[in-house]
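# Summary of the model geometry
Take a look at the letters that make up each chain.
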Amino acid sequence: LPSRVSREQARGEEMYAPQPSYPYHHPSLREQSYGHKVQQPSTRTTQPIVTGTSVLGIKYAGGVMIAADTLGSYGSLARFRDITRIIPVGKHTVIGVGGDYSDFQSLERIFEDLVDSDDNLADGGDRSPQEIHSFITRVMYNRRNKFDPLWNSLVVGGYKNGESFLGFVDLLGTSFTDDTLASGYGSYIARPLLRNAYKPDLTEAEARKTLEDAMRVLFYRDARALNRIQIASIGAEGGIKVSEPFSLETEWRQGE
Amino acid sequence: VAGEERRGRDRETEEKMLSAVGVQPAWATPAKAQVPEWMSEEHDMGTSIMAVAFEGGVVVGADSRTTTGSYIANRVSDKLTPVHDRIYCCRSGSAADTQAVSDIVKYYLNAHAMELGEAPRVATAASLFRDLCYNNKNSLQASIIVGGWDAQQGGQVFCIPLGGSLVRQPFAVGGSGSTYIYGYCDSQFKEGMSKEECLKFVRNALSLAMARDGSSGGVIRTCVIDKDGVTREMICGDELPRHYEG
């Protein structure tokens, strides 16, 4: 398929000498046909179009759980109400993604390629969640440095060799781990709830209830949320379980 | 001014040199100030487009209005473009961008079909559209609905909105007129409709959209795509389904 061509190039617009504040060897420099390196304005750093909202994550005793709704918003329009924002990667990791949906689909490809190239090596290699989290951080940070971000925030959860892992990466390459995590609105509204509920011996059922309650509050208070969610868990019992989408019960009697 | 002579000069020097010979540089006066809106605005397909899948195929439909600002440049345009024998795309956004993209997809799909030795899959066509729209997201204003039939999965509809994501749906609406009919479509759509029911659904929905959206209008074009081929139909502007008109 044809490689990217900027609008400026397509129109044949002339380029001008670098301004004093611009570095000469910026990645966006393109070599013109007459062999002279001139500056081109960065064409990336886009805006997100179809977006997913919050993703929540919590560790429990013997595993990790992640929740996200199934909505792709088009600005304020709830346009795609049946999309999956949670993907398993490899055998030990599950990733929930918020932000631009087209960049999420690009990330899906990247994860698939990672898993496929590992499988093709067939050397018994088995990536841990920490490795995958680190890999994603590198991808996101390097894209950010090129002023061409993948406009997403991801929650990476996994379980391997008896250890739970929960990590966060965003479009800037910001990366950290914790016992509870959330992206988007969830980081303001849901994270305090998750923090209150968390304890090292949290059971799977308690974790599920906590996530459902938090997603319910997000549906009440986030205008870009949908009452149709998926919960994915990965733990000691083995295997990644991504639930079918389901709706939460909601309480409206306070309106009376 | 050719590239050779411009080498190494910045805008200020350029302006000084041009004004010395009495020539306005291209960027000094925006074109829009010199010509009326209808001569300078991009050809936009403010549009209503729709595609609905049924058991044995797909119905794709569109209005026929292309505008330059508020002037109707073409009142009988054809926004349903074949990219292969049983795969159509509905185009909305910039007329130029979507024509260019669908021409490229048609070319690649044709080559792919020759190599494959059989009819290409609808998902393949949709994926090609998506790759172009995603990789050129900063240069394109294209929102496309792909509808078609293949032997493996039957009738399928794929939506590729701005930004270049790809979503498969039982039915999809698009273009500026679509905003007015989300409610209507949500209330009228049922799983398992027949071909005739789908056609009626598309015609009613599009006529409602065209009635309210200034950027949509003209005739309703529909194509029914199934294993036996494509049936093209057109409903003239004076024969559209009519609803409340107050």
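Now for a quick tour of the structure. Remember, it's a predicted structure, so these values are computed and weren't measured experimentally. (Residues numbered from 1 in each chain as written. Chains lettered and ligands numbered in written order. Predicted model: local features only at pLDDT ≥ 70, side-chain atom pairs only at ≥ 80, totals over all residues. Heavy atoms only, no water.)

Let's shift gears to the overall build of chain B. Scanning chain B from terminus to terminus reveals 8 helices and 13 strands. A separation of at least 24 residues holds for 60% of the contacts in chain B among residues at least 6 apart in sequence. (Helix = DSSP H or I, 4+ residues; strand = E, 2+ residues; numbered from the N terminus. Contact = heavy atoms within 4.5 Å.)

What follows covers the overall build of chain A. Counting its regular elements, chain A contains 5 helices and 15 strands. Relative to its full complement of 256 residues, chain A shows a buried share of 47%. Considering only intrachain contacts with a sequence separation of at least 6, the fraction spanning at least 24 residues in chain A is 61%. By element, 48% of the accessible surface of chain A is carried by carbon and sulfur atoms, the whole surface being about 12900 Å². (Buried < 20%, exposed > 50% of the residue type's maximum accessible area, 1.4 Å probe, protein only. Areas by Shrake-Rupley, 256 points an atom, 1.4 Å probe, with all protein chains shown as cover.)

A word on the pattern of salt bridges. By the definition in use, this model includes 24 salt bridges over all chains. The shortest N-O distance in the salt bridge between Asp228(B) and Lys227(B) comes to 3.7 Å. With relative accessibility at 63%, the residue Asp228(B) sits in the exposed group. Three or more residues joined by partner-sharing salt bridges are found here, namely Asp100(A), Asp103(A) and Lys137(B). (Salt bridge = Lys/Arg side-chain N within 4 Å of Asp/Glu carboxyl O.)

Residue and element names in this part refer to chain A. A cluster of acidic residues, Glu112, Asp113, Asp116 and Asp119, forms a negative patch at the surface. With respect to the secondary-structure elements, aspartate 116 resides in helix α2 (residues 101-121). Relative accessible area serves as the criterion here: at 38%, aspartate 116 is assigned to the partly exposed category. (Patch = residues over 30% accessible without salt bridge, like charges linked within 9 Å, V, L, I, M, F, W, Y side chains within 5 Å. Lys, Arg positive; Asp, Glu negative; His and termini not counted. Charge placed at Lys NZ, Arg CZ, Asp CG, Glu CD.)

Residues and elements named next belong to chain A. Secondary-structure assignment places isoleucine 234 in strand β14 (residues 229-235). Taking the C-alpha atoms as reference points, isoleucine 234 and glycine 158, separated by 76 residues in sequence, lie 6.3 Å from one another. Aside from chain neighbours lying at most four places away, what touches isoleucine 234 is Tyr60, Gly63, Val64, Lys91, His92, Thr93, Val94, Gly157, Gly158, Tyr159, Gly239 and Ile240.

Residue and element names in this part refer to chain A. Along the polypeptide, tyrosine 198 turns up in the loop between α4 (186-197) and α5 (204-221). In this structure the C-alpha to C-alpha distance between tyrosine 198 and tyrosine 60, which are 138 residues apart in sequence, comes to 7.8 Å. In contact with tyrosine 198, other than residues within four places in its own chain, are Ile58, Lys59, Asp179 and Thr180.

Residue and element names in this part refer to chain A. Close contact between α2 and helix α3 (residues 129-145) brings their axes to 12 Å; oriented N to C, the two are set at 135°. With respect to α3, the axis of α2 lies oblique. When the axes of α2 and α3 are compared, the crossing they make is right-handed. Residues Leu107, Ile110, Phe111 and Leu114 of α2 lie in contact with α3, whose contacting residues are Phe135, Ile136, Val139 and Met140. (Axes fitted to C-alpha atoms, helices over the stretch in contact; angles between N-to-C directions. Parallel < 35°, antiparallel > 145°, perpendicular 65-115°, else oblique. Left-handed = near helix turned anticlockwise from the far one by under 90°.)

A general feature of soluble globular proteins is that nonpolar side chains tend to end up buried together. Residues Ile95(A), Phe111(A), Ile136(A), Leu154(A), Val60(B) and Ile145(B) are the most contacted members of the largest nonpolar core, which totals 38 residues. Core analysis: the second largest hydrophobic core is formed by 23 residues, Phe171(B), Phe201(B), Val202(B) and Ile220(B) among them. (Core = buried A, V, L, I, M, F, W, Y, C linked by side-chain atoms within 4.5 Å.)

This part takes up unusual backbone geometry. All names here are of chain A. Of note in this structure, phenylalanine 147 is not a glycine but carries a positive phi near 55°. Within the secondary structure layout, phenylalanine 147 lies in the loop between α3 and β10 (152-160). Residue phenylalanine 147 is classed as partly exposed on the basis of its relative accessible area, which comes to 46%. At asparagine 161, a position not held by glycine, the phi torsion is positive, near 50°. Note on placement: asparagine 161 falls in the loop between β10 and β11 (163-170). Among the residues examined, asparagine 161 registers a relative accessible area of 71% and is labelled exposed.

Looking now at the sheet that holds strand β3 (residues 57-62) of chain B. All names here are of chain B. As summarised here, the arrangement of the 5 strands in space is β11-β2-β3-β12-β13, forming an open sheet in which the pairing is antiparallel. Single-partner strands in this sheet number two, and they are β11 (171-174) and β13 (229-235). On average, each strand axis in the sheet is tilted by 10° relative to the strand beside it, whichever way the strands run. Taken together, the 4 bridges between strand β2 (residues 49-54) and β11 define a ladder with antiparallel strand orientation. Looking across to β11, one finds that isoleucine 49 is bridged to glycine 174. Taken strand by strand, helix α8 (residues 195-212) contacts β2, β3, β11, β12 (220-226) and β13, and its axis lies near 165° from that of β2. (Pairing = 2+ DSSP bridges.)

Let us now look at the packing of α4(A) against α5(A). Residues and elements named next belong to chain A. At their nearest, the axes of α4 and α5 sit 10 Å apart, and the two run at 155° to each other. One element, α4, and the other, α5, form an angle in the roughly antiparallel class. Pair α4 / α5 crosses with right-handed handedness. Seen from α4, the contacting residues are Gly186, Ile189, Ala190, Leu193, Leu194 and Ala197; seen from α5, they are Thr210, Leu211, Ala214, Val217, Leu218 and Arg221. Tallied by class, the residues present in the contact of α4 with α5 amount to 9 nonpolar, 2 polar and 1 charged. (Nonpolar A, V, L, I, M, F, W, Y, C, P; charged D, E, K, R; others polar.)

Everything listed here is a matter of coordinates, which is why it stays silent on function.
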